[in-house]
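# A look at the structure
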Protein chains: 2
Amino acid sequence: MKDNLRQYVSKSISLSDRELDEFCDLFQSSTVKKKSFLLKEGEVCEFEGFVTKGLFRVYRVHSNGVEQILYFAIENWWVTDLDSFTNASVSKLHIQALEDSEVLLISRKDKEYVYEHIPKIEKLFRVMTQKTHIALQQRMMDNLSKTADQLYLDFIEKYPQLSQRLNNLQIASYLGISHEFLSRIRKKIFIK
Amino acid sequence: MKDNLRQYVSKSISLSDRELDEFCDLFQSSTVKKKSFLLKEGEVCEFEGFVTKGLFRVYRVHSNGVEQILYFAIENWWVTDLDSFTNASVSKLHIQALEDSEVLLISRKDKEYVYEHIPKIEKLFRVMTQKTHIALQQRMMDNLSKTADQLYLDFIEKYPQLSQRLNNLQIASYLGISHEFLSRIRKKIFIK
DNA sequence: TAAAAACATTGAACAAGGTCAATAAATAAC
DNA sequence: GTTATTTATTGACCTTGTTCAATGTTTTTA
């Protein structure tokens, strides 16, 4: 079950078998049924998760009740509320499974321990955070400059397999547009 | 001149005097006149910079000619194109001084060297990248959910000293709205 | 397999914000 | 100090996307 994680780590850094075992042993597996929550607003996020099966959405509920999806996490992606997890602060986010899912969880304490103990892991996460930061910068620039049509087309082109697994409510909420407007966009696009 | 940098590092991690000297010696100081560029689109970003004086804007020029500001950097902030610097790829960004400025620059090679040589520095930058990532997540959610009025009010409240040093063209470009609309917002707000 | 729930589509009215053009005010350059 | 240049304001009109409500369609659930 932890094969995915082993593979993921090995792709980025070279650890001895022993280090790799030690790292992976710090994770505990958890199954999460569709529609149930890994984290709810108001809680403190005590885990960082590596998804081995299924699909999660990480989202915020605004004061007017509107849900805004920050990101999705599928197989071989990490899922956490970075702010709440690193600062042990109260979370403003929800993390919910959109399919029956499985995830490997590491606690804050164990992660800090492993940073001290296996410095290459610190490198792994530094590089990872850099990559997600670059992607987020790109996404923010796109959101501010591109039209909704283009955002949608880019999304289904960039994440073809993921977009198959999502309904239009989820996609609209990720793109920051209303699902009614997404429906109109789809009509316009697919008629052409 | 490197006192700011020494202080900045010391606040986050504890290095020996020797390590601190070694780290700071890798930087070379550079003065940048108002309106001149530290980086232009099409170049490869060969530096990461620590601003000791002045003000920079990091921005992209979209195909229609519209400028979108990704972020500003003032004293004690870092400035680089993270994507271009880490991947040695061609930059899509411009980095321009908005005031007469001074910046301490470290090269890609030296930064990689220091990661190997002083692991605490790796920690420093991991934590730093995490923080900026959290801030960017917040900014993206705000951009997607808040009205332009609110974005502007939040900006001048969050960065009071910075917003004093910027004209409304720059602020509008950062918020992703037209400067004409910002002008109307200001009228509406300050009349109340 | 029937009822309930969730999801998708469509119309009509509306709001937020953009574009273009003109003018005024403030800075910078000489 | 007086032009140039940059920045700010304002008006009129336009576009993109929202809201609300109704209806149809699919998927769950019992």
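Residues numbered from 1 in each chain as written. Chains lettered and ligands numbered in written order. Predicted model: local features only at pLDDT ≥ 70, side-chain atom pairs only at ≥ 80, totals over all residues. Heavy atoms only, no water.

Chain A goes by Cyclic nucleotide-binding protein in an unreviewed UniProt entry, where it is assigned to Flavobacterium limi.

The next point concerns the pairing of strand E5 (residues 67-74) of chain B. Residue and element names in this part refer to chain B. Here E5 lies mainly inside the structure; seven of its eight residues are buried. Both strand E4 (residues 55-61) and E5 contribute to a ladder of seven bridges, which runs antiparallel. Directly across from Leu55, in E5, lies its bridge partner Ile74. Linking E4 back to E5 in an antiparallel pair, the connection comprises five residues, with Gly65 at a positive phi of about 95 degrees. (Buried < 20%, exposed > 50% of the residue type's maximum accessible area, 1.4 Å probe, protein only. Helix = DSSP H or I, 4+ residues; strand = E, 2+ residues; numbered from the N terminus. Pairing = 2+ DSSP bridges.)

Our next topic: the side chain of Gln170 of chain A. Residue and element names in this part refer to chain A. By the secondary structure assignment, Gln170 is in helix H8 (residues 168-175). By relative accessible area, Gln170 is classed as buried at 12%. Setting aside residues up to four positions removed in sequence, Gln170 forms contacts with Arg57, Ile69, Phe72 and Leu98. (Contact = heavy atoms within 4.5 Å.)

Of all residues adjacent to DNA strand C, which total 19 residues, the nearest are Arg184 and Lys187 of chain A together with Thr147, Ala148 and Ser178 of chain B. Counting only atoms of DNA strand C within 4 Å of the protein, the fraction found in sugar and phosphate groups is 62%. Taking Asn167 of chain A, its side chain carries an N or O atom lying 3.3 Å from a phosphate oxygen of DNA strand C. In this structure, Arg184 of chain A approaches DNA strand C through a side-chain N or O atom, which is 3.0 Å from a base oxygen. Contributing elements (two or more residues each) for the surface near DNA strand C: H8 and helix H9 (179-191) of chain A together with helix H6 (148-158) and helix H9 (179-191) of chain B. Of the residues forming the surface near DNA strand C, the biggest block, six residues, is contributed by H9 of chain A. Residue composition of the surface near DNA strand C, grouped by class: four nonpolar, seven polar and eight charged. (Near = heavy atom within 4 Å. Polar contact = N/O pair within 3.5 Å; in protein donor to acceptor, adjacent residues only side chain to side chain. Nonpolar A, V, L, I, M, F, W, Y, C, P; charged D, E, K, R; others polar.)

Turning our eyes to something else, we now look at the relation of the copies chain A and chain B. Between the two copies, chain A and chain B, the superposition gives an RMSD of 0.0 Å; the rotation angle is 180 degrees and the shift along the axis is 0.0 Å. Overall, the copies show the geometry of a two-fold rotation axis. Across chain A, the smallest distance between a C-alpha and the rotation axis is recorded for Arg126 of chain A, namely 2.3 Å. Here 100% of the interface residues in chain A have copies in chain B that are interface residues too; the copies meet face to matching face. (Least-squares fit on C-alpha atoms with pLDDT ≥ 70 in both.)

What follows is about the side chain of Arg57 of chain B. All names here are of chain B. Mapping Arg57 onto the fold places it in strand E4. Residue classification places Arg57 among the buried residues on the basis of a relative accessible area of 7%. At 2.8 Å, the side chain of Arg57 and the side chain of Glu67 are in polar contact. Engagement of the side chain of Arg57 in a polar contact is seen with the side chain of Gln170, the distance being 3.4 Å. If we ignore the near neighbours within four places in the chain, the residues touching Arg57 are Glu67, Ile69, Tyr71, Phe72, His94, Ile95, Gln96, Leu98 and Gln170.

Residues and elements named next belong to chain B. Within the open sheet, the four strands sit side by side as E1-E8-E3-E6. Their pairing is antiparallel. With one partner strand each, in any of the chains shown, strand E1 (28-32) and strand E6 (78-79) form the two edges of the open sheet. Two elements, strand E3 (residues 47-53) and E6, share two bridges in a ladder whose sense is antiparallel. Across the sheet, Gly49 pairs through a bridge with Val79, a residue of E6. This element, helix H1 (residues 3-12), spans E3, E6 and strand E8 (101-107) of the sheet and lies at about 110 degrees to E3. (Axes fitted to C-alpha atoms, helices over the stretch in contact; angles between N-to-C directions.)

A few words on the UniProt feature "domain: Cyclic nucleotide-binding" (unreviewed entry) in chain A. UniProt annotation of "domain: Cyclic nucleotide-binding" (unreviewed entry) refers to residues 32-110 of chain A when read in the numbering used here. Measuring from the first to the last C-alpha atom of residues 32-110 of chain A gives 22 Å, for a span that is 11% helix and 51% strand. (UniProt positions renumbered as here; feature names shortened; annotations may be inferred.)

What follows is about the packing of aromatic side chains. Residues and elements named next belong to chain A. Counted according to the given criterion, the structure contains 20 aromatic pairs over all chains. Ring geometry for Tyr8 against Trp78: centres 5.9 Å apart, planes inclined by 70 degrees, an arrangement best described as edge-to-face. Of this pair, Tyr8 sits in helix H1 (residues 3-12) while Trp78 is found in strand E6 (residues 78-79), placing the two residues 70 residues apart along the sequence. Looking at Trp78, the relative accessible area reads 8%, which means it is buried. Seen from their ring centres, Phe155 and Tyr174 are 5.1 Å apart, and the 45 degrees between their planes marks the pair as tilted. (Phe/Tyr/Trp six-rings, centres within 6.5 Å; stacked < 30°, edge-to-face > 60°.)

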